[in-house]
Structures are given as C-alpha cells and as structure tokens.
Amino acid sequence: MKEKILVTGGTGYIGSHTAVELINSGYEVVIVDDLSNSQYEVLDGIEKITGTRPVFAEFDLCDERALTDFFAQHGDIKAIIHFAASKAVGESVQKPLLYYKNNILSLILLLEAMQRLGIANIVFSSSCTVYGQPDQLPVTEATPFKPAESPYGNTKQVGEEILRDNCRAVPATQAISLRYFNPVGAHASALIGELPQGVPGNLVPFITQTAAGIREQLLVFGKDYDTPDGSAMRDYIHVVDLAKAHVIAVQRLLSGQQKSNYEFFNLGTGKGLTVLEIIEVFERVNNLKLNYKIVDRRPGDIEKIYADTALANQELHWRTELGVEEMMRSAWKWQQHILKNA
Ligand code: UD1
C-alpha cells in the first residue's frame, strides 16, 4: 500500500513540483487547493509527467466543515505538506486580515484536525523572510528572527511558532519547517511551472515575461547595495531541488528520524547571486537580450541573503543538484510553453 500524503496548495508553484516528486518516489498524493492562485489544469501537467493523476479536492482550508468532510474520506493520510497560503508581500500590507486568516487560521484548523484524527506529521512552507536582513551571512538556522517587514512575513514567523508550541504541547506531533530561499525555474518537461497572476512581483517571472514581450522593460531595483555590482543578492534555488527536499522531509518524519519533534531547515544553494548576474545568465543560456533599466531600490527589499546549507546537507542528506543555468533555461522554456498554450 502506498502511503498517502496530503499536499495543501498542491496546484501551486512549489506544491505541484512537490506532488510530482512524491508520486515519482512512490507516494499517493492527495491535493487540496481552492484554486485562488492556481489553475485546475496543473493537475493535467502532473498527470502527464508522472502518469498518475492525484486525487483533488477543491476547497478553502479555512472552511472547517469542508475540512472535516475531507478528512472523513481521507483519515488514512500519513503526512501533510502544507503549502496553501497567500504569498504576495505588497498585498499583505494592504489586506493584513486576509493574510492572517488565510495563513494562520488554515494552519490552526489543520493542526486541530490532525490531532483529532491522530495524524502526526506535517511539513510547513516557511521562508527565509523570517530572518529579515541578517547581521551575518551565510544565514544559519540559529540566526534569530528580525521583526517581520510585512504581515506576510509575520504569518511565516507566527506559523513556525505555532508549530513549535504545538509540538511541545503534543509530543506525538512531528513537524518540520522548511525555510525556502528564492525558488525559481520549472520542471524540465515545461509541463508545470510558476503561473503568476497579474504583474509579477518576483524577479524571474518578470524577466521571462519581459523576454516574451509581455512586459516592456525589467526594472532592476537598486544600484548601490554593498554587493560586487551594486544590485541586490539572493540565494536562488531550483524548484525541483526544493521539491525533492520535501520528499526527504516526509521520509524523515515517517521513519522517525527526527532529532526532536520540531525541526527547521534552510533550503538554499548557499550561493548568493545578484540581480545583474541572474540577468547575465538568463541572456547567455537562452541567447537573448533583455530590455532592462537600473533604478532606485524597492522599498522593503533587503540587500543580500544566502543560506548556510550545512544543517540540511548533514541532517537531510540533501544537496541541490541543479545550477543557475538550468534555473534560467527551464524558466524560459516554461514561459514559452505558457505562450504557446495561451
Ligand atoms: C520576495 C518577498 C519574500 C518572499 C519571496 C518569495 C519581498 C520584499 N519579499 O523576496 O518575502 O518570500 O519573494 O519568492 O517582496 N527585483 C528586481 N526587479 C523586479 C523584481 C525583483 O530588480 O522586477 C529584485 C528585487 O529587488 C530583489 C530580487 O530581484 O533584489 C529578488 O526579488 P523577488 O523575486 O521579489 O524576491 P525577494 O524580494 O527576495
């Protein structure tokens, strides 16, 4: 019997790539998503890649009745990977209550349901945003959180604290928070990838849309940061490497390998790249010229961050395999797939 894993937000960007890796690793995947920021057709992409269509339930995790009904049918779930959340930083400043409700209430309702049903294991989507601008780089898991810059960032900090406190109070619970650095790229098949709605706030979708002629010009925010070329530095990680780390986290929970019942890991490559370096790689590997202009800093942006990956490497026996060239190649291939199928 295949072990059943619930992937909330499984039609989203990271969720869909993780569903693929779970299926390829022999798990049965059940997806819950309200499709508020993703599309039903993503299930077709997952099926085309893996040959298996995940079970899908469309509802909002804040709908307690729907959640109860769902678990009445799927009480045999062995672990949950909880991606479902709102994630636009700017929007979270405009609509804080929406963010606290979507991101915090859904987590609490899930944890309550887990307790009721005796489901022990959860993997939580966290973010390097919990660190703010760290005083020292690379950033280790021991680095204290800085006050959150946005309600979105706060929901990740509070989410982690809820998990930690719940793990203390309920020793049978096992949780792992994964702190993502900057996930980019797409599955090599170009059958799934990131589907931003409206004008992308993130760098790589803006780059690919500019190259595709959907946006006229990329604005590079900031020229006077303390980095080799003055543009901001991030730790970009291929979404497929990130997805594979989730499978490992699930295996760690199911096989009882945790050192304590609440753990947290950085997921990055350990290497910082600047915005201008990213553009250079994108242009080179795809043989394109990008129309861009360097402008003032974007308010709220940090200067630089990259991960210390030692803990994830040692404890999860996980290493990133795909480099920045593959990230930029696959991102462009995916953009072309979107254009063709529009
Ligand atoms: C952003 C969020 C972060 C979230 C992450 C998810 C902010 C302040 N932070 O991180 O909380 O977890 O996305 O992926 O929004 N850039 C440009 N031009 C653009 C877009 C981006 O120069 O049009 C630059 C940014 O200034 C930054 C880098 O590219 O230096 C990466 O930006 P982005 O993809 O938005 O990620 P983060 O800001 O790191």
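Cut-offs applied
Residues numbered from 1 in each chain as written. Predicted model: local features only at pLDDT ≥ 70, side-chain atom pairs only at ≥ 80, totals over all residues. Heavy atoms only, no water. UniProt positions renumbered as here; feature names shortened; annotations may be inferred. Patch = residues over 30% accessible without salt bridge, like charges linked within 9 Å, V, L, I, M, F, W, Y side chains within 5 Å. Areas by Shrake-Rupley, 256 points an atom, 1.4 Å probe, with all protein chains shown as cover. Salt bridge = Lys/Arg side-chain N within 4 Å of Asp/Glu carboxyl O. Lys, Arg positive; Asp, Glu negative; His and termini not counted. Charge placed at Lys NZ, Arg CZ, Asp CG, Glu CD. Helix = DSSP H or I, 4+ residues; strand = E, 2+ residues; numbered from the N terminus. Buried < 20%, exposed > 50% of the residue type's maximum accessible area, 1.4 Å probe, protein only. Phe/Tyr/Trp six-rings, centres within 6.5 Å; stacked < 30°, edge-to-face > 60°. Core = buried A, V, L, I, M, F, W, Y, C linked by side-chain atoms within 4.5 Å. Pairing = 2+ DSSP bridges. Axes fitted to C-alpha atoms, helices over the stretch in contact; angles between N-to-C directions. Near = heavy atom within 4 Å. Polar contact = N/O pair within 3.5 Å; in protein donor to acceptor, adjacent residues only side chain to side chain. 1 Å grid on protein atoms, 1.4 Å probe; cavity = no way out; pocket = protein on both sides within 12 Å on 5 of 7 lines; lining within 4 Å. Points joined across faces, edges and corners; volume = space filled by probe spheres on them. Nonpolar A, V, L, I, M, F, W, Y, C, P; charged D, E, K, R; others polar.

Under an unreviewed UniProt entry, the name given to the chain is UDP-glucose 4-epimerase, and the source organism is Dawidia soli. The UniProt entry for the chain carries the following comment under Catalytic activity (unreviewed entry): "UDP-alpha-D-glucose = UDP-alpha-D-galactose".

To continue, consider a negative patch on the surface. Negative charge collects at one region of the surface, where Asp34, Glu58, Asp60, Asp63, Glu64, Asp69 and Glu112 lie side by side. Examined against the element boundaries, Glu112 turns out to sit in helix H5 (residues 96–117). When its relative accessible area of 38% is taken as the criterion, Glu112 is described as partly exposed.

Looking now at the pattern of salt bridges. One pass over the structure, following the stated rule, counts 22 salt bridges. Where Arg53 meets Asp44, a salt bridge forms, and the shortest distance between an N and an O atom there is 2.8 Å. The exposure class of Asp44 is partly exposed, given its relative accessible area of 31%. For Arg252, the salt bridge is made with Glu315, and the minimal N-O distance between the two is 2.8 Å. Here Arg252, found in helix H8 (residues 239–254), pairs with Glu315, found in helix H10 (residues 310–316); they are 63 residues apart in sequence, far enough to count as distant. Across the pair, exposure class does not vary: Arg252 and Glu315 are buried alike. Taken together, the shared-partner salt bridges in this structure form one network comprising Glu280, Arg284, Glu325, Glu326 and Arg329.

Below, the discussion takes up the packing of aromatic side chains. As enumerated under the stated definition, the model contains six aromatic pairs in all. Measuring from ring centre to ring centre gives 5.7 Å for Phe59 and Phe70, while their planes differ by 50 degrees; the resulting arrangement is tilted. Pair noted here: Phe59 is in the loop between strand S3 (55–58) and helix H3 (64–73) and Phe70 is in helix H3, with a separation of 11 residues, a long-range link. On the numbers, 5.3 Å between centres and 70 degrees between planes, the contact of Phe70 with Phe71 is edge-to-face. Classification of Phe70 by relative accessible area gives buried; the value is 6%. On the basis of relative accessibility, which here comes to 3%, the residue Phe71 falls in the buried class. Site record: aromatic cluster; members linked through ring pairs are Phe59, Phe70 and Phe71.

The subject of this paragraph is the nonpolar core. Residues Leu22, Ile46, Leu178 and Leu267 are the most contacted members of the largest nonpolar core, which totals 36 residues. Per-element accounting of this core gives the leading share, eight residues, to H8. Residues Leu67, Phe71, Ile119 and Phe124 belong to the second largest nonpolar core, which totals 27 residues.

Strand order across the open sheet formed by seven strands is S3-S2-S1-S4-S5-S6-S11, with parallel pairing between neighbours. This sheet does not close on itself; its edge strands, each paired only once, are S3 and strand S11 (262–267). Each strand of the sheet is rotated relative to its neighbour by a mean of 20 degrees, with strand direction disregarded.

With that settled, the discussion passes to the site of the ligand. In the vicinity of the ligand lie 19 residues, with Leu203, Leu219, Arg234, Arg298 and Asp301 positioned nearest. Leu203 is positioned with one of its backbone polar atoms (N or O) 2.8 Å from an oxygen atom of the ligand. Where the shell around the ligand is concerned, the elements lending two or more residues are helix H7 (203–211) and strand S8 (218–221). It is S8 that contributes the most residues to the shell around the ligand, four residues altogether.

In total, this model carries one cavity of 30 Å³ or more according to the counting rule given. His82, Ala84, Ala85, Asn103, Phe124, Thr155 and Lys156 are the residues that line the largest cavity. A breakdown of the residues in the lining of the largest cavity according to their chemical character gives three nonpolar, three polar and one charged.

By volume, the second largest pocket amounts to about 280 Å³. Lining of the second largest pocket is provided by 20 residues; of these, Glu194, Leu195, Pro196, Gln209 and Ile338 occupy positions nearest its centre. For the lining of the second largest pocket, the residue count by class is 10 nonpolar, eight polar and two charged.

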